[in-house]
Amino acid sequence: MPHIIAADADFRARAGGLGELDIEADSYAALVEALDRRFPGLGDHVRRRMAVAIDGVIHQDPGPIPLTADTEVCLIPKIGGG
């Protein structure tokens, strides 16, 4: 199962205090949907407010990227600017 590491207090609050967890998913899009099923509202939070690095590579549109059991997904708050 892909391993998720989230560096975000809002993520942890929505995920019952978890900052790291494993979720069964074969793509990033499926991972976000699985998060939302397990923790309602978390998937939307991740889509709108989190940036993603998969195995150390930052992705702008990670939706179709395949994941394996050894994949590490790091979620960090997006940086706003103006």
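Refer to the structure printed above.
Bear in mind that the values here come from a model prediction, so they are computed numbers and not experimental data. (Residues numbered from 1 in each chain as written. Predicted model: local features only at pLDDT ≥ 70, side-chain atom pairs only at ≥ 80, totals over all residues. Heavy atoms only, no water.)

Sorry if this is basic, but what is going on with the nonpolar core here?
Generally speaking, soluble globular proteins have nonpolar side chains that are buried together. Formed by 22 residues in total, the largest nonpolar core has its most connected members in Phe11, Tyr28, Leu35, Val46, Val73 and Leu75. Of all the secondary-structure elements, those providing two or more residues to this core are strand 1 (3–6), helix 2 (28–38), helix 3 (42–49), strand 3 (50–54) and strand 5 (72–77). Contacts of Val73, omitting those with residues within four sequence positions, involve His3, Ile4, Ile5, Tyr28, Leu31, Val52, Ala53, Ile54 and Leu67. (Core = buried A, V, L, I, M, F, W, Y, C linked by side-chain atoms within 4.5 Å. Buried < 20%, exposed > 50% of the residue type's maximum accessible area, 1.4 Å probe, protein only. Helix = DSSP H or I, 4+ residues; strand = E, 2+ residues; numbered from the N terminus. Contact = heavy atoms within 4.5 Å.)

Just checking my understanding: could you explain helix 3 for this structure?
Given 3.6 residues per turn, any residue in an α-helix points the same way as the ones three and four places further on. Residues Leu42, Gly43, His45 and Val46 constitute the buried set of helix 3. For helix 3, the arc enclosing every buried residue in end-on projection is 160°, short of the 170-degree limit, so these residues lie on one face. For helix 3, the secondary structure elements touched by its buried residues are helix 1 (9–14), helix 2, strand 3 and strand 5. (Arc of directions from axis to C-beta.)

Could you clarify how one ought to interpret the layout of surface pockets in this entry?
Over the atoms, a rolled probe matching the size of one water molecule traces out where space is still vacant. Approximately 250 Å³ is the volume found for the largest pocket. If you trace the largest pocket, you find 14 residues lining it, with Met50, Val52, Gln60, Pro62 and Lys78 closest to the centre. Mapped by element, the contributors of at least two residues to the lining of the largest pocket are helix 2, helix 3, strand 3 and strand 4 (57–59). (1 Å grid on protein atoms, 1.4 Å probe; cavity = no way out; pocket = protein on both sides within 12 Å on 5 of 7 lines; lining within 4 Å. Points joined across faces, edges and corners; volume = space filled by probe spheres on them.)

Got a minute to help me understand the pairing of strand 3 in this structure?
Two faces make up the sheet, and in a regular strand the side chains alternate between them. Counting buried positions along strand 3 yields four of five residues, so the element is predominantly enclosed. Direction of pairing for strand 3 relative to strand 5: antiparallel, over a ladder of five bridges. Residue pairing across strands places Met50 opposite Pro77, the latter belonging to strand 5. As paired elements, strand 3 and strand 4 share three bridges and run antiparallel to each other. Within strand 4, the position partnered with Ala53 by the bridge is Ile58. Following strand 3, the chain reverses through two residues before pairing antiparallel with strand 4; Asp55 in that reversal takes a positive phi of roughly 50°. (Pairing = 2+ DSSP bridges.)

What's the story with the pattern of salt bridges in this structure? I'm lost.
Should the charged atoms of two oppositely charged side chains come close, the side chains can pair. Under the defined criterion, the tally for this structure stands at two salt bridges. Put simply, Arg47 and Glu33 hold a salt bridge, and the shortest N to O gap is 3.2 Å. A residue pair is termed long-range when its members are at least 10 positions apart, and Arg47 in helix 3 and Glu33 in helix 2 qualify at 14 residues. You can call Arg47 partly exposed: its relative accessible area is 42%. (Salt bridge = Lys/Arg side-chain N within 4 Å of Asp/Glu carboxyl O.)

Where do I start with the side chain of Asp8 in this structure?
Locating Asp8 in the fold gives a position in the loop between strand 1 and helix 1. As a buried residue without a salt bridge, Asp8 has its nearest oppositely charged side chain in Arg14, at a separation of 6.4 Å. A polar contact of 2.9 Å, which involves the side chain of Asp8, links it to the backbone nitrogen of Phe11. Within the structure, the side chain of Asp8 is placed 2.9 Å from the side chain of His45, a separation counted as a polar contact. Aside from chain neighbours lying at most four places away, what touches Asp8 is His45, Met50 and Pro77. (Lys, Arg positive; Asp, Glu negative; His and termini not counted. Polar contact = N/O pair within 3.5 Å; in protein donor to acceptor, adjacent residues only side chain to side chain.)

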